[in-house]
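The lines below spell out each chain.
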Amino acid sequence: MAPIQEKRKHVRVKPLDNEPVEIHLMGTSLLDVLKASDISMGGVGIVAPNHFDEWDMNETVEILVALPGDLADFMAKGIIKQIGKKSKESGIYGVQFTAMGPKGKQDLQVYINRMIRQGRVLN
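Here is what the cut-offs are and how they apply
- Residues numbered from 1 in each chain as written.
- Predicted model: local features only at pLDDT ≥ 70, side-chain atom pairs only at ≥ 80, totals over all residues.
- Heavy atoms only, no water.
- Salt bridge = Lys/Arg side-chain N within 4 Å of Asp/Glu carboxyl O.
- Helix = DSSP H or I, 4+ residues; strand = E, 2+ residues; numbered from the N terminus.
- Buried < 20%, exposed > 50% of the residue type's maximum accessible area, 1.4 Å probe, protein only.
- Patch = residues over 30% accessible without salt bridge, like charges linked within 9 Å, V, L, I, M, F, W, Y side chains within 5 Å.
- Areas by Shrake-Rupley, 256 points an atom, 1.4 Å probe, with all protein chains shown as cover.
- Contact = heavy atoms within 4.5 Å.
- Expected span 1.5 Å × (residues − 1).
- Arc of directions from axis to C-beta.
- Core = buried A, V, L, I, M, F, W, Y, C linked by side-chain atoms within 4.5 Å.

Draft legend 1. Just the pattern of salt bridges, in detail. If you walk through the whole model with that rule in mind, you get three salt bridges. Among the salt bridges present, the one from arginine 12 reaches aspartate 38, with a minimum N-O distance of 3.7 Å. Of the two residues, arginine 12 sits in strand β1 (residues 12-13) while aspartate 38 sits in strand β3 (residues 33-39), which places them 26 residues apart along the sequence. Exposure class is identical for arginine 12 and aspartate 38. Each is buried. Across the salt bridge formed by aspartate 107 and lysine 103, the nearest N and O atoms sit 3.0 Å from each other. Remark: lysine 103 and aspartate 107 occur in helix α1 (residues 102-117); sequence separation between them is four residues, near one turn of the helix. Among the residues examined, lysine 103 registers a relative accessible area of 49% and is labelled partly exposed.

Next comes the structure, spelled out in structure tokens:
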């Protein structure tokens, strides 16, 4: 019996609580440092306060992704593809990467591989 194929193209991992992946939003009047709820080679889930309600689906955003430890920060562009679970305080926004430099891709893959080895894969 063949395994059920996951819809996602990329493995998603959950950052460690004591070593968060920080997301710095660029090009907005509010320059906030937010935390990634999950990240993959294809995109990132961002936990954002509800003052980000002005974000629109399919809006293009530029972000700086700050990986923990010895990995370099990198710039990426993406499109808001999902506005997920919301509470009074915060919501989860899914951003699909559309552009990222080769060094960013390399360091992100190293980070994801580290999280896979630590059992931080999300289904």
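Draft legend 2. Main features of a nonpolar patch on the surface. A contiguous nonpolar patch, built from Val11, Ile116 and Val121 and spanning about 210 Å² of accessible area, is present on the exposed surface. Its place among the elements puts valine 121 in strand β8 (residues 121-122).

Draft legend 3. Highlighting the environment of valine 121. Classification of valine 121 as partly exposed rests on a relative accessible area of 39%. When the C-alpha atoms of valine 121 and lysine 14 are compared, they prove to be 6.4 Å apart, with 107 residues separating the residues in sequence. Apart from residues no more than four positions distant in its own chain, valine 121 is found in contact with Val11, Arg12, Val13 and Ile116.

Draft legend 4. Structural context of the side chain of arginine 12. Taking relative accessible area as the criterion, arginine 12 reaches 17% and is therefore assigned buried. The contacts of arginine 12, once residues within four sequence positions are left out, are Asp38, Ile39, Ser40, Arg120, Val121, Leu122 and Asn123.

Draft legend 5. Main features of α1. For α1, spanning 16 residues, the distance from its first C-alpha to its last is 23 Å, which sits close to the expected 22 Å at 1.5 Å a residue. For α1, the set of buried residues is Gly104, Asp107, Leu108, Tyr111, Ile112 and Met115. Across the axial projection of α1, the buried residues extend over an arc of 140°, all falling on one side. Residues of α1 that are exposed and angled more than 90 degrees away from the buried face: Pro102 and Arg117. Just downstream of α1 lies glycine 119, where phi reads positive at about 75°.

Draft legend 6. Structural context of the nonpolar core. With 27 residues, the main nonpolar core has Ile23, Ile39, Val44 and Ile63 as its most contacted residues. Counting only elements with at least two residues in this core, the list comes to β2 (22-26), β3, β4 (43-49), β5 (60-66), β6 (74-86), β7 (90-100) and α1. Other than its neighbours up to four places away in sequence, valine 44 contacts Ile23, Ala36, Asp38, Ile39, Ile63, Tyr93, Gly94, Val95 and Phe97.

Draft legend 7. Molecular detail of the environment of leucine 122. Mapped onto the secondary structure, leucine 122 falls in strand β8. When the C-alpha positions of leucine 122 and isoleucine 39 are compared, they lie 9.6 Å apart, and in sequence the two are 83 residues distant.

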